[in-house]
Amino acid sequence: MAEVLNVALRETRGKRNARRNRRNGSLPAVLYGHGLEAVSLLVKAEEFEAAVRHGVRVVKLAGAVDEQAFVRALQWDTWGTHVLHVDFTRISEHEKVEVRVAVALRGEAPGLKAGGVLKQLIHEVEIECEATAIPEKLFVSVNHLGLGQSITVGQLELPPGIVIFAEPDAVVVECVEPVEEAEEAAVGPAEGEPEVIGRK
């Protein structure tokens, strides 16, 4: 079931009013999509930020509007700690959306016991799926990854109904030999450096 967010109509515009609303614990937001008129809203900051922390992407808006919506975009403050503005888009049942999700490794690679190290090259991918079936993360099993082997996008086991937008041969993770740092050369005069002749 989608997270419920209580919203109110936003009657005022402008940066000064937006700051006042945020001081009062409300975030400015806009709801658009499906060819309908955009609606300016206020959503309780505490409710919304709790939903974001739990990875919620689809919400049920209640109050001024009664619609299911997709969290399309967020505007963050300079430090990336607080949301300043939210864009919602209307969605219907079984509607497909495009969204970026994190890629996480799961399991233990046999190659680690052989002295290798895991190198993850892709940490996030764009996918298409039904809005109500967006995974929090895409998990990649490394339980069969040996030393010198890799897992590509085309080898991922995706949940049903998910399409991934990435080259099939792009490497997601590989198990490689650790890179040893070269020993520092002994400190001394560079080869071919002229001898200094003069006072002792």
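The model shown is predicted, which means the values in this text are computed figures rather than measured ones. (Residues numbered from 1 in each chain as written. Predicted model: local features only at pLDDT ≥ 70, side-chain atom pairs only at ≥ 80, totals over all residues. Heavy atoms only, no water.)

## Some details on the environment of V71
Its location among the elements puts V71 in strand β5 (residues 67-76). Along the backbone, V71 and R57 are 14 residues apart, and their C-alpha atoms lie at a distance of 5.3 Å. (Helix = DSSP H or I, 4+ residues; strand = E, 2+ residues; numbered from the N terminus.)

## Observations regarding a nonpolar patch on the surface
Taken together, the side chains of L105, L112 and L118 present a nonpolar region at the surface, about 200 Å² in accessible area. The residue L118 is located in strand β8 (residues 117-120) in this model. (Patch = residues over 30% accessible without salt bridge, like charges linked within 9 Å, V, L, I, M, F, W, Y side chains within 5 Å. Areas by Shrake-Rupley, 256 points an atom, 1.4 Å probe, with all protein chains shown as cover. Salt bridge = Lys/Arg side-chain N within 4 Å of Asp/Glu carboxyl O.)

## As for the sheet that holds strand β1 (residues 3-9)
As a general point, the strands of a sheet are linked pairwise by backbone hydrogen bonds and lie either parallel or antiparallel. The strand order around the closed barrel formed by 6 strands is β1-β3-β2-β6-β5-β4, and the pairing between neighbours is mixed. With strand direction ignored, the average angle separating the axes of adjacent strands in the sheet is 45 degrees. Pairing analysis gives 7 bridges linking β5 to strand β6 (residues 83-90), with the strands arranged antiparallel. Residue pairing in the sheet places W76 in a bridge with V83 of β6. (Pairing = 2+ DSSP bridges. Axes fitted to C-alpha atoms, helices over the stretch in contact; angles between N-to-C directions.)

## Thoughts on the nonpolar core
In this structure, V125, I127 and I134 are the most contacted members of the largest nonpolar core, which totals 26 residues. Sorting the residues of this core by element identifies β7 (96-106), β9 (124-130), β10 (137-141) and β13 (171-176) as the ones contributing at least two each. In terms of residue count, β7 provides more of this core than any other element does, 4 residues in total. Excluding residues within four positions of it along the chain, I127 makes contact with V97, E98, V99, V101, P135, L138, I162, V163, I164 and F165. (Core = buried A, V, L, I, M, F, W, Y, C linked by side-chain atoms within 4.5 Å. Buried < 20%, exposed > 50% of the residue type's maximum accessible area, 1.4 Å probe, protein only. Contact = heavy atoms within 4.5 Å.)

## A word on the side chain of D77
Within the secondary structure, D77 sits in the loop between β5 and β6. Within the structure, the side chain of D77 is placed 2.8 Å from the backbone nitrogen of G80, a separation counted as a polar contact. (Polar contact = N/O pair within 3.5 Å; in protein donor to acceptor, adjacent residues only side chain to side chain.)

## Describing the sheet that holds β8
Here we have 3 strands laid out as an open sheet, ordered β8-β13-β11, and antiparallel in their pairing. The open sheet is flanked by β8 and β11 (150-152), the only strands paired with a single partner. Each adjacent strand pair in this sheet contributes to an overall mean axis angle of 10 degrees, direction not counted. Strand direction decides the pairing type here: β8 and β13, joined by 4 bridges, are antiparallel. Paired with V117 across the two strands is V176, which belongs to β13.

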